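Spelled out from the first residue to the last, the chains are:
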Amino acid sequence: MKHLLSLESLPATDMAEILALTQTLKATRGHHTEHPLRHQCWGLIFSKSSTRTRVSFEVGIRELGGDVLFLSTNDIQLGRGEPIKDTARVMGRMLHGAVIRTFAQSDVEDFARYSNIPTINALTDDEHPCQILADLFTIQEKLGTYEGKTITFIGDGACNVPASWIWAASKLNFNLRIAAPKAFQPAPELIARAGGNLVVTDDIRAAAEGADVLYTDVWVSMGMEKETEYRLAQLGGYQINSDLLKLAAPGALAMHCLPAYRGKEITDEVMESQAETIFAEAENRLHVQKAVLTWLSK
Ligand code: CP
Ligand code: NVA
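What comes next is a walk through the structure.

**Overview of the overall build of the protein**
1) Next: When helices and strands are tallied, the protein shows 12 helices and 9 strands.
2) Next: Scaling as 2.2 N^0.38, a compact globule of 298 residues should have a C-alpha radius of gyration of about 19 Å, and the protein matches this with 19 Å.
3) Next: A principal-axis box enclosing the C-alpha atoms of the protein has dimensions of 55 × 45 × 35 Å.
4) Next: Across the 298 residues that make up the protein, the buried fraction comes to 53%.
5) Next: Contacts in the protein between residues at least 24 apart in sequence constitute 74% of all its contacts with a sequence separation of at least 6.

Laid out in structure tokens, this is it:
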């Protein structure tokens with residue numbers, strides 16, 4: 001039984017297989033000859049908001065021949081305290097696969113263990129693996145390859161998105177820099193576990209210098225709303241703007257997993273001048289989700 005629970009647990013060969021499948025599925029959208037999810041019903045179990053991830057999985061599952069149920073945890077007994085392992089054992093007897101967005105990474109892992117159906121991490125507090133696969137695919141499309149490139153993450157370096165970047169960098173051949181204030185740098189245990197190919201600094205200009213990609217994410221991740229004031233004050237200088245982009249390599253990309261808060265982690269000017277890249281990145285979520293689903297069904 002295959003799952004996609006994290007990039008930590010996904011071997012580089014599987015990442016490469018998913019990216020190659022993405023290319024084929026994107027090129028053949030609308031006239032697929034194989035429908036690997038035919039006669040299947042998948043569940044999307046979400047306890048956090050979502051636009052891109054929800055829509056890309058719902059559309060992707062249908063395009064692969066399957067049916068899908070969106071299950072907000074507000075509406076199912078999980079939200080009233082039914083244990084994850086009981087929910088998983090029930091769902092596993094009815095659904096053919098599950099896509100889960102939640103807080104604790106252990107909940108996704110427990111769901112996979114107890115349900116015995118293919119399970120996908122659609123974002124936890126620890127990782128956002130599907131996002132980084134779509135980002136790598138977008139970099140390949142726009143720059144020809146991610147190999148040998150320098151990708152600089154700017155902002156909250158301690159959240160799920162940079163964590164998945166750290167795991168990707170530990171397995172693939174590109175350079176990762178993370179620019180964040182000390183209080184928002186990745187945990188030393190995570191860096192030690194991932195083991196290298198990473199520069200962490202609070203010097204945003206040095207991190208941007210000569211980079212091929214400047215990447216950012218929200219300053220206030222879902223679940224962190226109580227810290228909003230503190231985060232805005234601490235992360236205030238860690239913004240992608242036109243001046244910073246000038247320090248990057250000629251033709252550098254600005255990327256954002258979205259949703260974006262203009263005037264905070266990125267300016268409106270950069271969002272609009274880089275809209276082709278940023279919204280291709282969002283579209284690629286669909287193509288990657290279909291590749292992940294196809295890979296899981298093999
Ligand atoms: N980037 C991303 O996961 O977007 P959503 O939260 O809208 O799904
Ligand atoms: N770090 C963000 C990612 C949103 C797609 C969050 O967890 O809210």
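**Re the packing of helix α1 (residues 12-27) against helix α5 (residues 129-143)**
1) Next: Between α1 and α5, the least distance of the axes is 10 Å, while the angle of their chain directions is 65 degrees. Considering the relative orientation of α1 and α5, their crossing is right-handed. Contacts from Met-15, Ile-18, Leu-19, Thr-22, Gln-23 and Lys-26 in α1 reach Leu-133, Leu-136, Phe-137, Gln-140 and Glu-141 in α5.
2) Next: Tallied by class, the residues present in the contact of α1 with α5 amount to 6 nonpolar, 3 polar and 2 charged.

**Focus: the packing of aromatic side chains**
1) Next: With the rule as written, the count across this model stands at 6 aromatic pairs.
2) Next: Arranged with centres 5.8 Å apart and planes meeting at 40 degrees, the rings of Phe-184 and Tyr-230 form a pair that is tilted. On the criterion of sequence distance, the pair formed by Phe-184 in the loop between β6 (175-179) and α7 (188-194) and Tyr-230 in helix α9 (residues 228-235) is long-range, its members being 46 residues apart.
3) Next: Taking relative accessible area as the criterion, Tyr-230 reaches 44% and is therefore assigned partly exposed.
4) Next: Aromatic rings pair up to connect Tyr-146, Phe-153, Trp-165, Phe-174 and Tyr-215 into one cluster.
5) Next: Over the aromatic face of Phe-70 sits the side chain of Arg-54, whose NZ or CZ is 3.5 Å from the ring centroid.

**Quick notes on unusual backbone geometry**
1) Next: Pro-259 follows Leu-258 through a cis peptide bond whose omega is 10 degrees.
2) Next: As for its position among the elements, Pro-259 is in the loop between β9 (253-256) and α11 (268-273).
3) Next: Positive phi, close to 125 degrees, is recorded for Leu-123, a residue that is not glycine.
4) Next: Its location among the elements puts Leu-123 in the loop between β4 (119-121) and α5.
5) Next: Even without a glycine there, the phi angle at Leu-258 is positive, about 70 degrees.
6) Next: Along the chain, the position of Leu-258 falls in the loop between β9 and α11.

**Concerning the site of ligand 1**
1) Next: Neighbouring ligand 1 are Ser-50, Thr-51, Arg-52, Thr-53, Arg-101, His-128, Gln-131, Cys-257, Leu-258 and Arg-285.
2) Next: In the model, a nitrogen atom of ligand 1 is placed 2.9 Å from a nitrogen or oxygen of the Leu-258 main chain.
3) Next: Its free accessible area being 250 Å², ligand 1 has 95% of it covered by the protein chains.
4) Next: Residue composition of the shell around ligand 1, grouped by class: 2 nonpolar, 5 polar and 3 charged.

**So, the sheet that holds β9**
1) Next: Here we have 5 strands laid out as an open sheet, ordered β7-β6-β5-β8-β9, and parallel in their pairing. At either end of the open sheet lies a strand with only one pairing partner, and these are β7 (198-201) and β9. This sheet shows a mean twist of 20 degrees between the axes of neighbouring strands, independent of strand direction.
2) Next: Two strands pair when backbone bridges link them, and strand β8 (residues 213-216) and β9 are joined in this way by 4 bridges, in the parallel orientation. The residue bridging Tyr-215 from the neighbouring strand is Met-255, located in β9.
3) Next: In the packing of α5 onto the sheet, contacts are made with β5 (150-154), β8 and β9, and the angle to β9 comes to roughly 160 degrees.

**Considerations on helix α12 (residues 275-297)**
1) Next: With 23 residues, α12 should cover 33 Å at 1.5 Å per step; its first-to-last C-alpha distance of 34 Å lies within 8% of that length.
2) Next: The largest bend in α12 amounts to roughly 25 degrees and is located at Glu-283.
3) Next: Burial analysis of α12 places 18 of its 23 residues in the buried class, which makes it a mostly covered element.

**Section: the site of ligand 2**
1) Next: In the region of ligand 2, the neighbouring residues are Leu-123, Cys-159, Asn-160, Asp-217, Val-218, Ser-221, Met-222 and Leu-258.
2) Next: A distance of 2.8 Å separates a nitrogen atom of ligand 2 from a polar side-chain atom of Asn-160.
3) Next: One nitrogen or oxygen atom from the side chain of Ser-221 is found 2.7 Å from a nitrogen atom belonging to ligand 2.
4) Next: Burial of ligand 2 by the protein amounts to 95% of the accessible area it has alone, namely 270 Å².
5) Next: Of the residues that constitute the shell around ligand 2, the class distribution is 5 nonpolar, 2 polar and 1 charged.

About the thresholds
- Each chain carries its own residue numbering, running from 1 in the written order of its sequence.
- For this description, chains carry letters from A and ligands carry numbers from 1, given in the order in which they are written.
- For this predicted model, a pLDDT threshold of at least 70 governs which residues receive local features, and a threshold of 80 or more governs which side-chain atom pairs are given and counted, while totals over whole chains, interfaces and linings are taken from all residues.
- To get the side-chain values, all heavy atoms of the structure are used, and hydrogens and water are removed first.
- Strands here are runs of E lasting at least two residues and helices are runs of H or I lasting at least four, both read from the DSSP assignment and numbered beginning at the N terminus.
- Throughout, the radius of gyration refers to the C-alpha atoms, and the reference size of a globule is 2.2 Å times the residue count to the power 0.38.
- Buried, partly exposed and exposed residues are distinguished by accessible area as a fraction of the type maximum, computed with a 1.4 Å probe on protein chains only: under 20%, between the cut-offs, and over 50%, respectively.
- Here a residue-residue contact requires only that any non-hydrogen atoms of the pair lie within 4.5 Å.
- Where helices are involved, their axes are fitted lines through C-alpha atoms of the stretch in contact, as for all axes, and angles between N-to-C directions lie from 0 to 180°.
- Each crossing is labelled by how the near helix is turned from the far one, with a counterclockwise turn of less than a right angle marking it left-handed and a clockwise turn marking it right-handed.
- Residues are sorted three ways: Asp, Glu, Lys and Arg are charged, Ala, Val, Leu, Ile, Met, Phe, Trp, Tyr, Cys and Pro are nonpolar, and all the rest, Gly among them, are polar.
- Here is the rule: rings of Phe, Tyr and Trp (six-membered ring for Trp) pair when centre to centre is within 6.5 Å. Planes less than 30 degrees apart are stacked, more than 60 are edge-to-face, and the remainder are tilted.
- We call a charge positioned over a ring when the NZ of a Lys or the CZ of an Arg lies within 6 Å of the ring centre and within 35 degrees of the ring normal.
- Note on terminology: near, applied to a residue and a molecule or strand, indicates that one of the residue's heavy atoms is within 4 Å of it.
- By the criterion applied in these results, polar contacts are pairs of N or O atoms within 3.5 Å in which, for protein atoms, one can donate a hydrogen and the other can accept it, and in which residues neighboring in sequence qualify only through two side-chain atoms.
- Using a 1.4 Å probe, accessible areas were evaluated by the Shrake-Rupley method; residue-level cover was limited to the displayed protein chains.
- Think of it this way: DSSP has to see at least two bridges between two strands before they count as a pair.
- A helix is expected to span 1.5 Å multiplied by its residue count minus one.
- Note that the bend at a residue is defined as the angle between axes fitted to the seven residues ending at it and the seven residues starting at it.

That's the geometry; what it means functionally is another story.
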